[in-house]
Amino acid sequence: MPPYAYDPRLVKVEDTYYIIWCQDFYGASIGIAKTRDFQTFTRVENPFVPFNRNAVLFPRKINGMFTLLSRPSDSGHTPFGDIFLSQSPDMEFWGRHRHVMGKSGNWWENLKIGGGAAPIETSEGWLLFYHGVTGTCNGYVYSIGGAILDRDEPSRVLHRCSTFLLTPETDYEERGFVPNVCFPCATLQDAATGRIALYYGCADSYVGLAFTTADEVVDYIKAHDQTSDADRELGLR
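Since we're looking at a predicted model, the values are computed, not measured.

Caption draft 1: View of helix α2 (residues 214-223). Turning to α2, its buried residues number three or more, namely A214, V217, V218 and I221. For α2, the buried positions fall inside an angular range of 100 degrees around the axis, keeping them on one side. Seen from the buried face of α2, the exposed residues on the opposite side, beyond 90 degrees, are D215, E216 and A223. Contacts made by the buried residues of α2 are with β10 (120-122), β11 (125-136), β12 (139-149), β13 (157-160), β15 (195-202) and β16 (206-213).

Caption draft 2: The arrangement of the sheet that holds β15 in detail. The strand order β14-β15-β16 describes an open sheet built from three strands, whose pairing is antiparallel. A single partner strand is all that each edge strand has here, and the edge strands are β14 (182-190) and β16. On average, each strand axis in the sheet is inclined to that of its neighbour by 25 degrees, with strand direction left out of account. Direction of pairing for β14 relative to β15: antiparallel, over a ladder of eight bridges. Residue pairing in the sheet places Q189 in a bridge with I196 of β15.

Caption draft 3: Representation of the sheet that holds strand β3 (residues 28-35) in the model. Reading across the sheet, the four strands line up as β1-β2-β3-β4 and stay open at both edges, with antiparallel pairing between neighbours. Among the strands making up the open sheet, the edge pair consists of β1 (4-13) and β4 (42-44). Across the sheet, the mean angle separating the axes of adjacent strands is 30 degrees when strand polarity is ignored. Sheet topology places β1 next to strand β2 (residues 16-24); eight bridges connect them, and they run antiparallel.

Caption draft 4: Highlighting the pairing of β15. Most of β15 is tucked away, with six of its eight residues classed as buried. Once β14 ends, the chain turns through four residues before running back antiparallel as β15, passing G194 with a positive phi of about 80 degrees. The sheet contact formed by β15 and β16 spans eight bridges and is antiparallel. When the bridges of β16 are listed, G201 appears paired with V207. Linking β15 to β16, which pair antiparallel, is a turn of three residues; within it A203 sits at a positive phi near 55 degrees.

Cut-offs used in this document
Residues numbered from 1 in each chain as written. Predicted model: local features only at pLDDT ≥ 70, side-chain atom pairs only at ≥ 80, totals over all residues. Heavy atoms only, no water. Buried < 20%, exposed > 50% of the residue type's maximum accessible area, 1.4 Å probe, protein only. Helix = DSSP H or I, 4+ residues; strand = E, 2+ residues; numbered from the N terminus. Arc of directions from axis to C-beta. Contact = heavy atoms within 4.5 Å. Pairing = 2+ DSSP bridges. Axes fitted to C-alpha atoms, helices over the stretch in contact; angles between N-to-C directions.

This is how it looks when you write it as structure tokens:
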């Protein structure tokens, strides 16, 4: 029986499309497949041992290397969760693992954080929509946060927003299979206008769509910046 697969992300790097998902295979782990024509798919060797999830591939190589964000943890649905970066020459053998950023003291991301949509390259750096989690007496609450990573050394966080960009407020975000969830999944960008369409999961039951522009969201992140010294350092830990 194949492992249970969910939370897929599609990213094109050069002439190849990569599909990356989470799978329940000896615990939550990362699955990867590639295609050029959407007719034939090739599964890439499972690059990370469990437990790991929230894998996000950058849309181009950085310093000649495939670059991926993920969230290693100690069990499938653990409260532990920091974002790490890994690099590979071939999408099969991964190393150069670096810490990017962890949870903060802000209420909406004080339990754990993880990746979301693929980073968007801007003149300011890589724009990252990620998810932050807090725990309440009624369960977890998932919100969407924003950060800007260095273009050449993306383990360095240049700016990190102290406030959420989206948090569950509407009926379809608060009520569903998993209540109180706003989870960034994918974006579409128009380079000419800077317009961004953000697709996000709502209570694990619906798909939400929000619009912004690169300039607007970057300016908002910088205006509410709360980057720590640990965020700004080159992630060698």
